[in-house]
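Analysis of the macromolecular model
Residues per chain are reported as follows:
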Amino acid sequence: MTFHTRQNPSAGNPADARRWPKILAAYQAPSHARSILEIVVTAAPLVLLWAAMWASLQVGYWLTLLLAVPAAGLLVRLFIVQHDCSHYAFFRTRALNDWVGRVLGVFTLTPHDFWRRTHAIHHASSGNLDLRGIGDVDTLTVAEYRQRTFMGRLRYRLYRHPLVMFVLGPTYLFVVQHRLPIGLMRAGSQPWISTMGTNVAIVAVAAALIWLVGWKDYLLVQAPITAIGATIGVWLFYIQHQFDETLWERDADWSHPVAALHGSSHYDLPQPLRWFSGNIGVHHVHHLCSRIPFYRLPEVLKHHPELADIGRLTLWESLACVRFVLWDETSRRLVSFREEAALR
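Remember, it's a predicted structure, so these values are computed and weren't measured experimentally. (Residues numbered from 1 in each chain as written. Predicted model: local features only at pLDDT ≥ 70, side-chain atom pairs only at ≥ 80, totals over all residues. Heavy atoms only, no water.)

Scanning all chains against the criterion turns up 15 aromatic pairs. Summarising the aromatic geometry, the rings of Tyr-156 and Phe-337 are spaced 6.2 Å apart at their centres and angled 85 degrees between planes, so their arrangement reads as edge-to-face. A residue pair is termed long-range when its members are at least 10 positions apart, and Tyr-156 in helix 8 (residues 150-159) and Phe-337 in helix 17 (residues 337-343) qualify at 181 residues. Residue Tyr-156 is classed as buried on the basis of its relative accessible area, which comes to 4%. The exposure class assigned to Phe-337 is buried, which follows from its relative accessible area of 15%. Ring plane angle 20 degrees and centroid distance 6.1 Å describe the contact between Trp-235 and Tyr-238, whose orientation is recorded as stacked. Placement of both Trp-235 and Tyr-238 in helix 11 (residues 215-239) is noted, with a separation of three residues, approximately one turn of the helix. For Tyr-238, a relative accessible area of 1% corresponds to the buried category. Taken together, Phe-90, Phe-91, Phe-294 and Tyr-295 form an aromatic cluster joined through their ring pairs. The ring of Trp-20 carries Arg-19 above its face, with NZ or CZ at 4.6 Å from the centroid. In this structure, Arg-102 packs its charged tip against the face of Trp-99, placed 4.4 Å from the ring centre. (Phe/Tyr/Trp six-rings, centres within 6.5 Å; stacked < 30°, edge-to-face > 60°. Helix = DSSP H or I, 4+ residues; strand = E, 2+ residues; numbered from the N terminus. Buried < 20%, exposed > 50% of the residue type's maximum accessible area, 1.4 Å probe, protein only. Lys NZ or Arg CZ within 6 Å of the ring centre and 35° of its normal.)

Below, the structure written as C-alpha cells:
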C-alpha cells in the first residue's frame with residue numbers, strides 16, 4: 001500500500017500555514033436557508049428510514065440491518081451538523097447554534113454544551129504532545145510506551161486493538177461515557193446541566209418510541225443504527241489525525257496553523273461518502289478555520305486546489321492507518337507495535 005511522499009512540515013515554510021486562516025475567513029459566512037435545508041435533507045430521510053426499518057421487521061431482520069447502514073450514515077451527518085453548531089459555524093447567532101446543537105444532541109447521544117467544550121480543547125491542542133488528554137484518540141510516544149509497566153503496555157495495546165477501537169469502544173463512548181461529563185467532572189455545573197439535560201431528553205424520546213412500537217422493536221431498530229453510526233463516527237475522527245503524514249510537536253515548537261494544516265488529513269472519500277460525512281474529510285481546512293460550514297468546504301478546495309494534496313488520504317490508503325499506534329519522536333512519524341519492537 002503506497003502513501004504519498006512524506007514531507008517534514010515543520011522543516012518547510014510555516015508562514016505558508018499561518019497565512020491560511022486569514023484567507024479562509026472569507027468562507028465563514030453561513031447561509032441560513034442552506035443550513036436549514038441541510039438539516040431537513042438529513043433528518044427527514046432518517047425518520048423515514050427508521051419507520052421503514054420498523055416495518056421491515058415483518059419481512060426479515062436482514063432487511064432491517066441493511067437499512068440500518070444508510071440510517072447510520074444519516075445519523076453521522078446529523079452529528080456533523082451538531083459539530084458545526086459547536087463551532088458556531090452553522091448559523092449566524094450563537095443562541096441558534098446552541099439550541100439546534102442541543103436538540104440534535106438528543107438523537108446523536110451527545111450532550112452538546114459539554115461536547116462543545118471538550119471539542120474546543122481538541123482544536124486548541126491538536127498535535128501538541130504536551131497537551132494531550134481531552135478530545136483526542138489516546139496516543140503514546142514510543143518512549144512513554146516503553147516506560148510503562150507490563151500491565152500498562154497491555155492496557156494500551158487492548159485500547160488500540162481494532163475490535164476495541166472501532167467496534168466496542170464507539171458504542172461505549174456514545175451510549176455509556178457520554179452520560180457523564182467525563183473530562184470536565186470538576187469544571188462547574190454547566191457540563192453537568194448539559195449532560196443530565198440531554199440524558200432526560202433521551203429517556204423521554206426513547207420512552208415515546210417504546211410506547212409507540214414496543215421496547216423489543218425499538219431496540220431492534222435503534223441498536224444497529226447507534227452501533228454502526230458510532231463506529232463510522234469514531235473511524236472518521238481517528239483517520240483525521242492518525243495517518244502516516246500527521247504531525248506532532250512539543251509545546252515549544254507547536255503552532256496551531258502548522259498543526260492544523262499538516263496534522264489533519266484530507267480524507268478524499270468518494271462523493272456519496274463525502275455527503276454522508278458532511279465533508280468532514282476536508283479536515284485540515286476545518287482545523288485551519290473551524291467557522292466554515294461543512295457545505296462550503298468543497299468550495300475552498302475548488303478555489304484553492306493547492307490544499308487538496310496536503311495530507312491527502314484515499315479510502316483504500318486509510319485502511320493501513322489502523323496499525324499506527326505510537327509516535328516516534330526520533331523519526332517524527334507514527335509507527336506500529338511491530339515497528340516499535342524493531343526499533344528496540
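Okay, back to it.
Okay, the nonpolar core next. Of all hydrophobic cores here, the largest spans 66 residues; its most connected members are Leu-24, Phe-90, Ile-225, Val-285, Ile-292 and Leu-307. Looking at this core element by element, the count peaks at ten residues for helix 4 (residues 61-86). Counting eight residues, the second-largest nonpolar core is a separate cluster that includes Val-142, Tyr-145, Leu-326 and Val-335. (Core = buried A, V, L, I, M, F, W, Y, C linked by side-chain atoms within 4.5 Å.)

A complete count under the given rule lists 17 salt bridges for this structure. Close ionic contact of Asp-98 with Arg-116 constitutes a salt bridge, the shortest N to O distance being 3.6 Å. One end of the pair, Asp-98, is in helix 5 (residues 94-108); the other, Arg-116, is in helix 6 (residues 112-125), and 18 residues separate them in sequence. Each member of the pair Asp-98 and Arg-116 is classed as buried. Here Arg-333 and Asp-244 are joined by a salt bridge, their closest N and O atoms 3.5 Å apart. Remark: Asp-244 occurs in the loop between helix 11 and helix 12 (256-263) and Arg-333 occurs in strand 5 (residues 333-335); sequence separation between them is 89 residues. Here Arg-333 matches Asp-244 in class, with each residue buried. (Salt bridge = Lys/Arg side-chain N within 4 Å of Asp/Glu carboxyl O.)

As for its placement among the helices and strands, Ser-265 is situated in the loop between helix 12 and strand 2 (266-268). Reaching out from Ser-265, the side chain makes a polar contact with the backbone oxygen of Ile-239 at a distance of 3.1 Å. Apart from residues no more than four positions distant in its own chain, Ser-265 is found in contact with Ile-239, Gln-240, Phe-243, Gly-281, Val-282, His-283, His-284 and Gly-311. (Polar contact = N/O pair within 3.5 Å; in protein donor to acceptor, adjacent residues only side chain to side chain. Contact = heavy atoms within 4.5 Å.)

Turning to the confidence of the model for the chain, a few remarks are in order. Here the chain averages 93 in pLDDT, while 96% of its residues score no lower than 70. A low-confidence stretch, residues 1-12 stays under pLDDT 50, and its non-local contacts, those more than four residues away or across chains, total 24 contacts. (pLDDT = per-residue confidence, 0-100.)

In this section: the environment of Ser-56. Looking at where Ser-56 falls in the secondary structure, it is placed in helix 3 (residues 32-56). Look at Ser-56 and you get buried, because its relative accessible area is 3%. Along the backbone, Ser-56 and Phe-337 are 281 residues apart, and their C-alpha atoms lie at a distance of 44 Å. Dropping the residues within four chain positions of it, Ser-56 is found in contact with Leu-63, Thr-64 and Leu-67. There is a polar contact of 2.6 Å between the side chain of Ser-56 and the backbone oxygen of Met-53.

A separate point is the packing of helix 9 (residues 162-175) against helix 11. Where helix 9 meets helix 11, the closest approach of the two axes is 8 Å, and the angle between their N-to-C directions is 105 degrees. Judged by the angle between their axes, helix 9 and helix 11 are roughly perpendicular. Here Met-165, Phe-166, Val-167, Pro-170, Thr-171, Leu-173, Phe-174 and Val-175 of helix 9 lie close against helix 11, whose contacting residues are Thr-226, Ala-227, Ala-230, Thr-231, Val-234, Trp-235 and Tyr-238. Tallied by class, residues from the contact of helix 9 with helix 11 come to twelve nonpolar, three polar and no charged. (Axes fitted to C-alpha atoms, helices over the stretch in contact; angles between N-to-C directions. Parallel < 35°, antiparallel > 145°, perpendicular 65-115°, else oblique. Nonpolar A, V, L, I, M, F, W, Y, C, P; charged D, E, K, R; others polar.)

What follows deals with the state of the cysteines. Chemically, a disulfide is nothing more than a covalent bond linking the sulfur atoms of two cysteines. In this structure the tally under the stated criterion is zero disulfides. In this structure Cys-85 is a free cysteine whose sulfur lies 16 Å from that of Cys-289, the closest cysteine sulfur available. The class for Cys-85 is buried, based on a relative accessible area of 0%. (Disulfide = S-S within 2.5 Å.)

In this fold, His-286 is placed in helix 14 (residues 283-288). With relative accessibility at 2%, the residue His-286 sits in the buried group. A polar contact of 3.4 Å, which involves the side chain of His-286, links it to the side chain of His-87. One polar contact links His-286 to His-123, side chain to side chain, over a distance of 3.1 Å. Not counting the four nearest positions on each side in its chain, His-286 is found in contact with His-83, His-87, His-119, His-123, Ile-280 and Leu-297.

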